Number of protein chains: 2
Amino acid sequence: MMRKNGARGGAAGPPNMHHVAELAGVSVATVSNVLNHPEKVAGSTRSKVEKAIEQLGFTLNQTARALRSGDARSIGLVVIDLTNSLFVDVARGAQEQAQSQAFTLQLASANNDLAVQDAHLSFFDSARVSGVILAPMQESDEQIARVRRHGRPVVVVNFDSKLTDSCRVLIDNERAGYIAAKHLIDLGRTRIAFVAAHDDYQPVHDRRRGVRAAVEEAGGAVTLIELDTVDLDPPGGADAGRRLAGMPEQERPDAVLAVTDLLAMAIINELTNAGISVPEDVAVMGCDHNSAAWGGAIPLSSVSMQGEEMGRAAVDLLLGELRDEHGGHVHRRVLLQPHLVVRESTIGRERVPV
Amino acid sequence: MMRKNGARGGAAGPPNMHHVAELAGVSVATVSNVLNHPEKVAGSTRSKVEKAIEQLGFTLNQTARALRSGDARSIGLVVIDLTNSLFVDVARGAQEQAQSQAFTLQLASANNDLAVQDAHLSFFDSARVSGVILAPMQESDEQIARVRRHGRPVVVVNFDSKLTDSCRVLIDNERAGYIAAKHLIDLGRTRIAFVAAHDDYQPVHDRRRGVRAAVEEAGGAVTLIELDTVDLDPPGGADAGRRLAGMPEQERPDAVLAVTDLLAMAIINELTNAGISVPEDVAVMGCDHNSAAWGGAIPLSSVSMQGEEMGRAAVDLLLGELRDEHGGHVHRRVLLQPHLVVRESTIGRERVPV
């Protein structure tokens, strides 16, 4: 009942059930009922919906037809963790694209555990899905090879495997670090702390490279302070925040770029507790647009990782590979560009566009 | 890599991989690797992890053992929509509980479409899951009965079916409306607008009843203005917000309670655009703690719907029913209590606890 998002809002394309629902002033579930179980819908509501269908020239797409005929096929999606909203975004985008092509999508979270990831892959394999999309936490080529041997294509997202020969969809993490640091530099900040942990993780490593590039480009006017902390979650941020708050004022950075939003949120809490104003004294931003970090007192600037687009692109690649199953398939590597999301934590309340 | 949440943070129980990771200062993926693929981990890291394992008295739980032996069984979870973060919370709680009992969990979103819901149930049925948890958008007893006939228990969450004979987990939506309205009344607001659409949806209907009860309880000092809008999503909020902004100042409510956070977010945008201060002139709050609505300029007060707890309780009921499969099972109806989340949009920035 909460369907609707910016991405679809602006999209062109044939009218769908959401458009019908909006025009008729009813829920999408009601439209679905009119199409599938008209006997359950009051006559007056039914005619409103039918009128909207006619007015929009709406026709049931191939998904709906496949679902009715029991012909729908499935895609299995395995992600690292549902606490990171990036993967929820990936799932939403993948589901939307899958459905438009008469596929259903089932989702599983590995919960940061390779053995769980493996169990999910086995489940999807034995459930005979058409193909699998995997956002692995690290090289998983043995697991991927097993699924492939059973004739199912695997598309890898958000991990740039050096080993696996597969289609993959990536976000440009180096660019994410670069545009985040550039934003702080453009605001006139000159002492930038980059807070991170786990440089062995690809996204951390790549973002750090982008941050360094932006600072280097700015020349000697900007100093980079690299601050390692204990982990990528709030405890790591609290630790870093306390250390920043404890610095003498003249040594303290005037901007903090945390490699995750959860780190940034915890840093803001510690600074604020210590009487340091954000962003006046210290501008703070995150770097992965994780909605789990949006609950803080100060809306957080970040970099959007294009999760929905990642999901859509992965489905496109998977279906392409399915179409090519009789040979001639060429794997592709799709690199998506992140974009800056500016909120109060870097530019202050007054300047935030409403 | 972003695992960790309040619910688990305070939980008692045996040490798990997250505790080991924290103590060793490594990622959970690294701990998993030490346990499953020690050859992939550098010796120094491995000994840090092994030391933490010993220090905590960590032992692999039955899940890990089942996963290693290929014995893990599965639960299928079908929700209405992944845009509403309530269902992501449900999935997280369900996954955690399932995993602790040696089950994996696969998730599917019906995307507001009964035919898609049906296709997902068929998928899980033919994938031979042990049982299904369903958050239906409306009465779905035919679909549920079909799954049951194949010997799979079905637990219903977030919908109080009058027809289906099944275990169910509900949130007290009437109480949610009551505590939200009570919060505004306690702040001294006397003209409260309740903005809603789709009174045919159970949550809307029940929350309205709670709002009315709180206002009635306050006596003649508080007036309730019930404002219907076009839908539960941002366009409905923009519509309501424009109408509120257009009222003469002396007639305008001094508080707005929107039945969803997405409505509330859009209302705040419209009021702010019209030069009306939130919360000074008009306090605004939502009622479902949807993280999709947290991106606005003013942090939003709301009511938490206990999604993770809902997921955990549903898994417990399902596993209970599986244990009772040879007879004697008594269905249960579990009613969870919502709680108030107070942020700037009702009490102002100065008073928000950091």
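Residues numbered from 1 in each chain as written. Chains lettered and ligands numbered in written order. Predicted model: local features only at pLDDT ≥ 70, side-chain atom pairs only at ≥ 80, totals over all residues. Heavy atoms only, no water.

> Sorry, what's going on with the pairing of strand β4 (residues 154-157) of chain B here?
On any regular strand, side chains alternate: one points to one face of the sheet, the next to the other face. Residue and element names in this part refer to chain B. Burial along β4 is two-sided: the face carrying Val 154 and Val 156 and the face carrying Val 155 and Val 157 are both buried. Sheet analysis places strand β3 (residues 131-134) next to β4, joined by three bridges and oriented parallel. Its bridge partner being in β4, Val 132 is matched across the sheet by Val 154. Once the chain exits β3 it traverses helix α8 (residues 141-149) before rejoining the sheet at β4, and the crossover so formed is right-handed. (Buried < 20%, exposed > 50% of the residue type's maximum accessible area, 1.4 Å probe, protein only. Helix = DSSP H or I, 4+ residues; strand = E, 2+ residues; numbered from the N terminus. Pairing = 2+ DSSP bridges. Right-handed = clockwise from strand over helix to strand, strands pointing away.)

> I keep staring at helix α10 (residues 202-218) of chain A and nothing clicks. Help me out?
Because an α-helix completes one turn every 3.6 residues, residues spaced three or four positions apart along the sequence face the same direction. Residue and element names in this part refer to chain A. Across its 17 residues, α10 extends 25 Å between first and last C-alpha, which sits within 8% of the 24 Å expected from 1.5 Å per residue. Looking at the buried positions of α10, the neighbouring elements they touch are α9 (173-186), β6 (191-196), β7 (223-228) and β8 (255-258). Of the residues one or two after α10, Gly 219 is the one with positive phi, at around 80°. (Expected span 1.5 Å × (residues − 1). Contact = heavy atoms within 4.5 Å.)

> I'm lost on the packing of helix α7 (residues 114-126) of chain A against helix α8 (residues 141-149) of chain A in this one. Help?
Packed helix pairs are characterised by how far apart their axes lie and by the angle those axes make with each other. All names here are of chain A. With their axes 10 Å apart at the nearest point, α7 and α8 run at an angle of 5° to one another. Compared by their axis directions, α7 and α8 come out roughly parallel. Residues Leu 114, Gln 117, Asp 118, Leu 121, Ser 122 and Asp 125 of α7 pack against Gln 143, Arg 146 and Val 147 of α8. (Axes fitted to C-alpha atoms, helices over the stretch in contact; angles between N-to-C directions. Parallel < 35°, antiparallel > 145°, perpendicular 65-115°, else oblique.)

> Just to check I follow, could you spell out the side chain of B:Asp89 for this structure?
By the element assignment, B:Asp89 lies in helix α6 (residues 85-100). A polar atom in the side chain of B:Asp89 sits 2.7 Å from the side chain of B:Arg92. (Polar contact = N/O pair within 3.5 Å; in protein donor to acceptor, adjacent residues only side chain to side chain.)

> Would you take a moment to explain the sheet that holds β7(A) for this structure?
Picture the strands of a sheet paired through backbone hydrogen bonds; they go either parallel or antiparallel. Residues and elements named next belong to chain A. If you walk across this open sheet you meet the four strands as β7-β6-β8-β9, and the pairing is parallel. A single partner strand is all that each edge strand has here, and the edge strands are β7 and β9 (283-285). For this sheet the average axis-to-axis angle between neighbouring strands, irrespective of direction, equals 20°. Helix α11 (residues 234-246) rests against β6, β7 and β8 of the sheet, and its axis sits at about 135° to β7. In the packing of helix α12 (residues 261-273) onto the sheet, contacts are made with β6, β8 and β9, and the angle to β9 comes to roughly 155°.

> Just checking my understanding: could you explain the interface of chain A and chain B for this structure?
Often, the extent of an interface is quoted as the loss of accessible area upon association of its parts. On the side of chain B, 76 residues touch chain A, which itself brings 76 residues to the contact. Across the chain A/chain B interface, buried area totals approximately 6,600 Å², and carbon plus sulfur atoms make up 56% of it. The interface formed by chain A and chain B includes two salt bridges. Here B:Arg349 makes a salt bridge to A:Glu344, at a shortest N to O gap of 2.6 Å. Across the contact surface, chain A and chain B share 17 residue pairs in polar contact (both at pLDDT 80 or more). At the level of elements, α3 (28-36), α6 (85-100), β2 (103-109), α7 and α12 of chain A are the ones that each hand at least two residues to the side of chain A that touches chain B. (Buried area = accessible area lost by both parts, 1.4 Å probe. Salt bridge = Lys/Arg side-chain N within 4 Å of Asp/Glu carboxyl O.)

> For this particular structure, what's the right way to read the relation of the copies chain A and chain B?
To go from the first copy of the chain to the second, apply a rotation about an axis and then a shift along the same axis. The transformation that overlays chain A on chain B combines an axial shift of 0.1 Å with a rotation of 180°, and the residual RMSD is 0.1 Å. Within this description, the copies of the chain are treated as partners about a two-fold rotation axis. (Least-squares fit on C-alpha atoms with pLDDT ≥ 70 in both.)

> Looking at this structure, how should I read the packing of helix α11 (residues 234-246) of chain B against helix α12 (residues 261-273) of chain B?
Residue and element names in this part refer to chain B. Contact geometry for α11 and α12: axes closest at 7 Å, N-to-C directions at 40°. Comparing their axes, α12 and α11 come out oblique. Regarding α11 and α12, the two cross each other, and that crossing is right-handed. Between α11, through Pro 234, Gly 236, Gly 237, Ala 238, Ala 240, Gly 241, Arg 242, Leu 244 and Ala 245, and α12, the contact on the second element is made entirely by Leu 262, Leu 263, Met 265, Ala 266, Ile 267, Glu 270 and Leu 271. Along the lines of polarity and charge, the residues of the contact of α11 with α12 split into eleven nonpolar, three polar and two charged. (Left-handed = near helix turned anticlockwise from the far one by under 90°. Nonpolar A, V, L, I, M, F, W, Y, C, P; charged D, E, K, R; others polar.)

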